[in-house]
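# Coordinate inspection notes
As a plain string of letters, each chain reads:
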Amino acid sequence: MPADTPAPPSGASPAPARNESPFLPLKHPAFRMIWTATLVANLGTLIQNVGAGWQMALLTPSHDMVALVQASTSLPVMILAVAAGALADSFPRRTVMLIAQSFLLIVSAALAVVAFSGMLTPWLLLAFTFLLGCGNAMHQPSWQASMRDLVPREDLPAAITLNSMSFNLMRSIGPAIGGAIVAALGPAAAFGLNAVSYIAVIYALARWKSPQEPRDLPRERMAHAIAAGLRYVALSPDLSRVMMRGFLFGLGAVTVLALLPVITRDVLRAEAQIFGILLGAFGLGAIGSALFAVQLRQRFHIETLVAAAFVLTALGLVIVAFAGNLPIALIGLLLCGMAWVTALSLFNASVQLATPRWVVGRTLSIYQMATFGGMALGSWLWGVMSDTVSVQATLLAAAALMLAGAALGRVRPMPMFSDRNLDPANRFSAPALRLDLKPQSGPIMIMIDWVIPPENTTAFLKTMAERRLVRIRDGARQWSLLRDLENPDIWVETYHVPTWVDYIRHNTRRTQADVASYDRLLSLHKGPDRPQVHRMIERQTVPVTDDIVIPPKLP
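Quick summary incoming for the structure in this document.

### Details of the overall build of the protein
- Check the secondary structure of the protein and you find 20 helices and four strands.
- Against the 2.2 N^0.38 benchmark of 24 Å for 555 residues, the protein shows a C-alpha radius of gyration of 27 Å, consistent with a compact globule.
- Projected onto its principal axes, the C-alpha coordinates of the protein cover approximately 85 × 60 × 55 Å.
- A burial count over the protein gives 55% of its 555 residues as buried.
- Summing over all exposed atoms, the protein offers an accessible surface of approximately 23800 Å²; the carbon and sulfur share of this is 64%.
- Averaging the coordinates of the 44 positive side-chain charges in the protein and doing the same for the 33 negative ones gives two points 5 Å apart.

See the structure below:
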C-alpha cells in the first residue's frame, strides 16, 4: 500500500520537450481521423455562433442579451462539467461522446427548423444555445480524457495544442464563411449547416475502436465519483493553482468575444460579414500561437507564458477599446487569439499531466467548470457593464483584470508540467478473507502497525504527513496516527472506508509515483517483519450518537 510523493515544486525542471513539428500527433491514425472530423464539426459550430450572435443583435438592441449568447454557451459547462467528468471516468468515453454528438445534432436541427419558421425569439434562442452548450459540456471531458487513448504521453501536450488549433483553424475561416452565409441566407441557414456538421464526428467515433479498460470493480455511484474528483483537486495544490488561473483568464478574456457583436454593430457600424472577419482574426492569432507552442514551451517557464498571455489579452482589449476602424480592431483581435490558445492549452496540459488515469475525466471537468464558469460570469458581467457604462469602459476594466491576473503569478505561479509516472503501481493484492464479505459490506477500519526507533521519528512524521494527504485524496476517511504510551516505538496508522469495495478501490488508485514514498516509510520501519495490517469491519453495539450510560428510572 504505497503512499504518494509530494508534487514537484513550481520551479522544478520539466521533462525536456522534443524539438518536433506541432503536427506530430497526426501520425497516429485514430487521432488523425477524429481530429479531421472535429475540424468539420468546429466549422459548423463557428458558423452557428456567428448566426446566433448576429440573430440576437437583430432581435434586440440590448447589449446584455447579446452578451448572454456567449454566457448561455459557457454556463452549461460550469453546471454539468463535474457530472460529465464522472461519466467520462465511469463509462466508455466513446459511448458518452456518441450520445453527446447525437444530442447536439438533434438540437441544432430543431433550432434550424424554428428559425426557418420565423418563430425564434431572444429567450428561445438563448434556450437553444444553452442546450447546445449542455451537449458540448457532456462531450468535452470524455474527448479531452480520450487524448491519452489516442496518443502516447510524450505527444500529449502537442495533441492538446493541436486540438485547440483545430477549433481556431476553423475560427480563422469559419466566422467569415458564417458571416457570408448569414448575410446572404440568414441565420437559419447557419443553424442548418451546423446540424449537418455533427455527422462527421459521429461517423469517426463510430469507426474508432477505442481501447476497453478492464473493470474488476463495480462503478462508483455518481455522487461518490463526483466527491472523489472534487477531493482529489482540493488536495492537489498544483491543480488548484491551474483552476484559479483558468477562472481568472476566462472571466477577463471572454469580454471581447461576448461583446464582439455589439462592437461590430455599434462601434464599427458594420454588418454580419465584418463580424465574421473579426472572429477570423481572433482565430488566425490562435493558429499562429499554436504553431510555435512547442518552441515556446522549450524556451520559457510555463508561468512566463501564462503571464504573457494575460498581458497580451489586456493589450488586445485596450487596442479594441480605442479602435476607430477595422484594421486596428483586427490587430487587437489577433493578439487576443494568440493569448487565448497559449493560456488554455497550457492549463489543459498541466491538468492532464498531473492527474492519474482513474480521475482524469473529473479533474479536466473541474478545470473546465472553473474556466467556463469564469467565461459565463464574465459574459454576463461585462454585458451588464457595457449596457450601464460603455463598451470602451468595459473593455478597459477587463484589461485591468487581466493585468491583475498576470501579477497574481508572482505570488502563486503555475506549476511546471509534471513528469511523475502516474501509471498504476499494481503493488496491491486483495487479501484472502476468512469472513464472507460482500462488496458493500462495511464500514471498514484499517490499522497498520509501524515500529519506528527514536532516531527515525522526525523523518517518519514528515513522511506520514505526505501519506495522510494521499490517503484522504484517494478516499480514506478519519485518518489518524497513534503512538503507544507503553511502547513509544510502536505507531499505528488508522483510517476508515465506507465499504470493502471502497477499500479495494482506494488501494488500486496508487501510482508509480507513490512508490518512492512508501519505500521510504519501509526503510524507517525496524520491525522484524513488514508493517502488520489489520483489516476490520465495524459492528455498532452502542448508540452511534454517544456512549453514555443512561441511569435506570427510579420507582
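There is more to say, and it comes next.
### Focus: the pattern of salt bridges
- Under the counting rule described, the total for this entry stands at 13 salt bridges.
- One salt bridge connects E493 with R471, and the closest N-O pair in it is separated by 3.2 Å. In this pair, E493 sits in strand 3 (residues 490-497) while R471 sits in helix 18 (residues 457-473), placing the two residues 22 residues apart along the sequence.
- What you see here is one network of salt bridges that share partners, running through D89, R93, D149, R357 and R362.

### Focus: helix 15 (residues 326-353)
- The end-to-end C-alpha separation of helix 15 is 41 Å, in line with the 40 Å expected for 28 residues at 1.5 Å each.
- With 21 of its 28 residues buried, helix 15 lies for the most part within the structure.
- Sitting at the amino-terminal end of helix 15 is N325, which places a side-chain oxygen 3.1 Å from the backbone nitrogen of I328.

### Re the nonpolar core
- Residues F31, F249 and F347 are the most contacted members of the largest nonpolar core, which totals 124 residues.
- Looking at this core element by element, the count peaks at 13 residues for helix 15.
- Those residues within four positions of F249 in sequence are excluded, and the remaining contacts are V254, A309, F310, T313, A339, W340, A343, L344, F347 and M402.
- Judged by nonpolar contacts, the second largest core, of 20 residues, contains I444, F460, I504 and Y518.

### What about the pairing of strand 2 (residues 477-483)?
- Examined bridge by bridge, strand 2 and strand 3 share five bridges and lie antiparallel to one another. From the neighbouring strand, R483 faces strand 3, where its bridge partner is W491.
- Here strand 2 folds back onto strand 3, and the loop between the two strands holds six residues.

### Points about the packing of aromatic side chains
- Counted according to the given criterion, the structure contains ten aromatic pairs.
- Judged by centre distance (6.4 Å) and plane angle (65°), the ring pair of F347 and Y367 falls under edge-to-face. With F347 in helix 15 and Y367 in helix 16 (residues 360-388), this residue pair connects regions lying 20 residues apart in the sequence.
- Since its relative accessible area comes to 0%, F347 is described here as buried.
- A network of ring pairs unites the aromatic residues F249, F282, F310, W340, F347 and Y367 as a single cluster.
- Its end group placed over the ring of W358, R509 keeps NZ or CZ at 4.0 Å from the ring centre.

### Some remarks on unusual backbone geometry
- In this chain, G442 is followed by P443 through a cis amide linkage whose omega measures 0°.
- As for its position among the elements, P443 is in the loop between helix 17 (391-408) and strand 1 (444-451).
- Positive phi is not limited to glycine here, since R269 has a value of about 55°.
- Looking at where R269 falls in the secondary structure, it is placed in the loop between helix 11 (260-267) and helix 12 (272-291).
- Its relative accessible area of 67% is what places R269 among the exposed residues.

### Observations regarding a nonpolar patch on the surface
- On the surface, a cluster of nonpolar side chains totalling about 340 Å² of accessible area is made up of F247, L377, W380 and L381.
- A per-element tally of the nonpolar patch places helix 16 first, with three residues.
- With respect to the element layout, L377 can be found in helix 16.
- Accessibility expressed as a relative area gives 38% for L377, which makes it partly exposed.

### Here we look at the packing of helix 8 (residues 222-234) against helix 9 (residues 237-253)
- Two numbers describe how helix 8 lies on helix 9: the axes approach to 6 Å, and their chain directions differ by 95°. Here helix 8 lies roughly perpendicular to helix 9, going by the angle between them. Contacts between helix 8 and helix 9 involve Y232, V233 and A234 from the first element and L239, S240 and M243 from the second.
- For the contact of helix 8 with helix 9, the residue count by class is five nonpolar, one polar and no charged.

### Some points on the sheet that holds strand 2
- With respect to topology, four strands assemble into an open sheet ordered 2-3-1-4, the strand pairing being antiparallel. Two strands bound the open sheet, and with one partner strand each, they are strand 2 and strand 4 (532-537). Put simply, the sheet's adjacent strands are angled 15° from each other on average, direction ignored.
- Both strand 1 and strand 4 contribute to a ladder of six bridges, which runs antiparallel. Each residue of the ladder has a partner; that of M445, found in strand 4, is M536.

### Structural notes on the environment of F372
- Tracing the backbone through its elements, the reader meets F372 in helix 16.
- With 235 residues separating them in the primary sequence, F372 and A137 have C-alpha atoms 9.7 Å apart.

### Regarding the environment of Q352
- Its location among the elements puts Q352 in helix 15.
- Here the alpha-carbon distance between Q352 and A206, two residues 146 residues apart in the chain, equals 25 Å.
- In contact with Q352, other than residues within four places in its own chain, are Q144, M147, R148, L156, I160, V360 and L364.
- Among the polar contacts made by the side chain of Q352, one reaches the main-chain carbonyl oxygen of Q144 at a distance of 3.1 Å.

So, how was this worked out
- Residues numbered from 1 in each chain as written.
- Predicted model: local features only at pLDDT ≥ 70, side-chain atom pairs only at ≥ 80, totals over all residues.
- Heavy atoms only, no water.
- Helix = DSSP H or I, 4+ residues; strand = E, 2+ residues; numbered from the N terminus.
- Rg over C-alpha atoms; globule rule 2.2 N^0.38 Å.
- Buried < 20%, exposed > 50% of the residue type's maximum accessible area, 1.4 Å probe, protein only.
- Areas by Shrake-Rupley, 256 points an atom, 1.4 Å probe, with all protein chains shown as cover.
- Lys, Arg positive; Asp, Glu negative; His and termini not counted.
- Charge placed at Lys NZ, Arg CZ, Asp CG, Glu CD.
- Salt bridge = Lys/Arg side-chain N within 4 Å of Asp/Glu carboxyl O.
- Expected span 1.5 Å × (residues − 1).
- Polar contact = N/O pair within 3.5 Å; in protein donor to acceptor, adjacent residues only side chain to side chain.
- Core = buried A, V, L, I, M, F, W, Y, C linked by side-chain atoms within 4.5 Å.
- Contact = heavy atoms within 4.5 Å.
- Pairing = 2+ DSSP bridges.
- Phe/Tyr/Trp six-rings, centres within 6.5 Å; stacked < 30°, edge-to-face > 60°.
- Lys NZ or Arg CZ within 6 Å of the ring centre and 35° of its normal.
- Patch = residues over 30% accessible without salt bridge, like charges linked within 9 Å, V, L, I, M, F, W, Y side chains within 5 Å.
- Axes fitted to C-alpha atoms, helices over the stretch in contact; angles between N-to-C directions.
- Parallel < 35°, antiparallel > 145°, perpendicular 65-115°, else oblique.
- Nonpolar A, V, L, I, M, F, W, Y, C, P; charged D, E, K, R; others polar.

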